Amino acid sequence: MAVSQRTMKNYAWATGLRGLLMLLAGLYALIFPGPALTALVIAGGILLIIDSVLGLWSLTFGGGKSGNYWFDVISNVVSLILGVLILLSPLLVTVLTVTFFVYLAAIAAIVVGIMEIWIVIRERESYARIWPVLLSGIFYVLFGIVLALFPLISAEVMMMFGGILLIIFSFGLFGWAWRLWQRAKDVQS
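These numbers come from a predicted model, not from an experiment.

Chemist: Go over the overall build of the protein chain with me, naming the residues and quoting the values.
Modeler: Across its full length, the protein chain holds six helices and zero strands. If you list the helices and strands of the protein chain from N to C, you get α-α-α-α-α-α. The globule rule puts the C-alpha radius of gyration for 189 residues at 16 Å, and the 24 Å found for the protein chain is more than 25% above it. Structurally, the protein chain occupies a C-alpha span of about 65 × 55 × 35 Å along its principal axes. The burial tally for the protein chain puts 26% of its 189 residues in the buried class. Contacts in the protein chain between residues far apart in sequence, at least 24 positions, make up 77% of those at least 6 positions apart. Just so you have it, the protein chain exposes about 12,800 Å², and 76% of that area is on carbon and sulfur atoms.

Structure representation (structure tokens):
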């Protein structure tokens, strides 16, 4: 199926716009990581409210009944309350949410590091060299400790890394948009 020149140009514009939005979000996350975290949590709160309202509407008027009707009602109401609480106090919720997830990452890193160290020591005869795996395990444990000691700073640094990745991906989208635009010109010829 052939794609028209107009459709190709629309794809190119949409891809370029997506790249621009990604670039702006990446720059914002890189320059203002704390407010970017708060904005991300607020967006999550808005999504919780929208999803729970649509879920309740579906259960009430849309015929979206399942075998777990009361569970669905309760989960949607809890999501609605959580979304409203996020919007009422986004800074507090950001600190609590970010701290919680950073602690989860810290615990995971420490557990993985300890497991690597334990396994490489226990089965050292299976390895030609144990020091790379041993070092990896030590670095995992140290990384987990740093995350646990400085959760908010760690979250901001991770947000900055995320911003850098967004910026890199935006250039990929700009390249893709350019190729689509060039392909649209070729269709015209």
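Chemist: So what's going on with the side chain of S154? Residues and values would help.
Modeler: As for its position among the elements, S154 is in helix 6 (residues 151-188). Residue class for S154 comes out buried when judged on its relative accessible area of 10%. When sequence neighbours within four positions are dropped, the list of residues in contact with S154 reads V102, V146 and L147.

Chemist: Hey, could you go over the nonpolar core for me, with residue numbers and the actual values?
Modeler: By size, the foremost hydrophobic cluster in this structure holds nine residues: A29, A36, L37, V98, V102, A106, L147, A155 and M159. Going through the elements one at a time, helix 2 (33-60), helix 4 (90-122) and helix 6 are the ones with two or more residues in this core. For this core, the element with the most residues is helix 4, which contributes three residues. Among all residues touching A106, those that are not within four sequence positions of it are G144, L147 and A148.

Chemist: Lay out the pattern of salt bridges in plain terms, naming residues and giving numbers.
Modeler: All told, the structure shown has one salt bridge when counted by the stated rule. E123 is the partner of R122 in a salt bridge, and the nearest nitrogen-oxygen pair spans 2.6 Å. The exposure class of E123 is partly exposed, given its relative accessible area of 28%.

Chemist: How would you sum up the packing of aromatic side chains? Please name residues and give values.
Modeler: One pass over the structure, following the stated rule, counts five aromatic pairs. Plain terms: the ring middles of Y28 and F32 are 5.6 Å apart, the flat faces sit at 50° to each other, and that makes the pair tilted. Relative to F174, the ring of F171 has its centre 6.0 Å away and its plane inclined at 75°; by these criteria the two rings are edge-to-face. Here F174 and F171 lie together in helix 6, a separation of three residues that amounts to about one turn. For R122, the ring lying beneath its charged end belongs to W118, and the centroid distance is 4.5 Å.

Definitions and limits used
Residues numbered from 1 in each chain as written. Predicted model: local features only at pLDDT ≥ 70, side-chain atom pairs only at ≥ 80, totals over all residues. Heavy atoms only, no water. Helix = DSSP H or I, 4+ residues; strand = E, 2+ residues; numbered from the N terminus. Rg over C-alpha atoms; globule rule 2.2 N^0.38 Å. Buried < 20%, exposed > 50% of the residue type's maximum accessible area, 1.4 Å probe, protein only. Contact = heavy atoms within 4.5 Å. Areas by Shrake-Rupley, 256 points an atom, 1.4 Å probe, with all protein chains shown as cover. Core = buried A, V, L, I, M, F, W, Y, C linked by side-chain atoms within 4.5 Å. Salt bridge = Lys/Arg side-chain N within 4 Å of Asp/Glu carboxyl O. Phe/Tyr/Trp six-rings, centres within 6.5 Å; stacked < 30°, edge-to-face > 60°. Lys NZ or Arg CZ within 6 Å of the ring centre and 35° of its normal.

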